[in-house]
Amino acid sequence: ELPPSEFMQVADSTWLVLSVVSNGREPPGCQATGVTKIARSVIAPLAEHHVSVLMLSTYQTDFILVRERDLPVVIHTLAGEFDIYKEESGECVAVTCDDVSNGFLKPKPPASPTLHPVQSPQTRFCVLTVAPDTLPAIATMLIDVLFYSHSPPWDAATSSQDLDSITFFSFSLIEGYISIVMDAETQKRFPSDLLLTSSTGELWRMVRIGGQPLGFDECGIVAQIAEPLAAADISAYYISTFNFDHALVPEEGIAEVIQLLQQRQESGR
């Protein structure tokens, strides 16, 4: 319904959403959450079969977006590890490999995926949710932050490696559940009794992936971050955007995360 505009860019692909639901059979010691929880079972296999993904972590769960044309490959890649269902008329219907056409596996890419540079601004972030019935109470403030707060345009300066801070605000409304990521200073502008966070109230630091806009055709970008963090059992939220990818990790673990990613960069050279 949005009118065509020279100011609006639209990617040429149509994307479908995968929601990964745990069956409760993980080992008792498995504490990783977010993108690292599904790194080995979903993200790495899709990267190996040259499937590009967009990742969206929310307060409640994680979603993986894949291009519609890649769906046969996705199903064949994941069918051995997961029970796969599609939604039809509001109900979940089991999917088998026979239900999709052109279901061959793509050959693995001959070269390793590009390892993109990562930046870690000093900004501290909060991951929050809000009850839908209290949303009107903060609607005006949300609009102000989303549309009127100072946000410098992207240019070469914002991609420098010595980034001290970053302007980032994420609001998602999925099936009635609201998830918000904002920096700690912005959070102070909102009524504290309406924004809900985990019982620990932890703060998060960000790792931004990409020195320039990433595009949508490359695969393995999420795996570049998720695999080493999964190996170290470090939780992470991951948010793909039109230009860059962003991983949020617990503040106390940022030094270890940077070290792990630097080692990954050096080993990939």
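Just so we're clear, the structure is a prediction, and the values are computed from it rather than from any experiment.

Of regular secondary structure, the protein possesses six helices and 13 strands. Within the protein, the proportion of its 269 residues that are buried is 42%. Put simply, the protein shows about 15,500 Å² of open surface, and 53% of that area lies on carbon and sulfur atoms.

Its 14 residues place the ends of helix H6 (residues 254-267) 20 Å apart at the C-alpha level, agreeing with the 20 Å of an ideal helix rising 1.5 Å per residue. Turning to H6, its buried residues are Ile254, Val257, Leu260, Leu261 and Gln265. Taken end-on, H6 shows its buried residues confined to a sector of 140°, consistent with a single buried face. Exposed residues pointing more than 90 degrees away from the buried face of H6 are listed as Ala255, Glu266 and Ser267.

Throughout the structure, instances matching the rule amount to one cavity of 30 Å³ or more. Taken as a whole, the largest cavity spans an internal volume of roughly 140 Å³. In terms of lining, the largest cavity is formed by 20 residues, of which the most central are Ser52, Val53, Glu218, Ile221 and Asp245. Listing elements by their share of the lining of the largest cavity, those giving two or more residues are helix H1 (39-48), strand E2 (53-57) and helix H5 (221-231). For the lining of the largest cavity, the leading source of residues is H1, giving three residues. A breakdown of the residues in the lining of the largest cavity according to their chemical character gives twelve nonpolar, six polar and two charged.

Right, let's get into the confidence of the model for the protein. Across the protein, the average pLDDT comes to 82, with 83% of residues at or above 70. The secondary-structure element of the protein with the lowest mean pLDDT is H6, recorded at 86, while strand E9 (residues 177-183) shows the highest, at 94. Residue range residues 156-162 is modelled with pLDDT below 50. Its contacts to residues more than four positions away, or to other chains, number 13 contacts.

We now examine unusual backbone geometry. The residue Ser89 is not glycine, and still its phi comes out positive at about 55°. Take Ser89: it is sitting in the loop between strand E4 (84-88) and strand E5 (91-95). Of note in this structure, Asp233 is not a glycine but carries a positive phi near 60°. Within the fold, Asp233 resides in the loop between H5 and strand E12 (237-240).

Thresholds applied
Residues numbered from 1 in each chain as written. Predicted model: local features only at pLDDT ≥ 70, side-chain atom pairs only at ≥ 80, totals over all residues. Heavy atoms only, no water. Helix = DSSP H or I, 4+ residues; strand = E, 2+ residues; numbered from the N terminus. Buried < 20%, exposed > 50% of the residue type's maximum accessible area, 1.4 Å probe, protein only. Areas by Shrake-Rupley, 256 points an atom, 1.4 Å probe, with all protein chains shown as cover. Expected span 1.5 Å × (residues − 1). Arc of directions from axis to C-beta. 1 Å grid on protein atoms, 1.4 Å probe; cavity = no way out; pocket = protein on both sides within 12 Å on 5 of 7 lines; lining within 4 Å. Points joined across faces, edges and corners; volume = space filled by probe spheres on them. Nonpolar A, V, L, I, M, F, W, Y, C, P; charged D, E, K, R; others polar. pLDDT = per-residue confidence, 0-100. Contact = heavy atoms within 4.5 Å.

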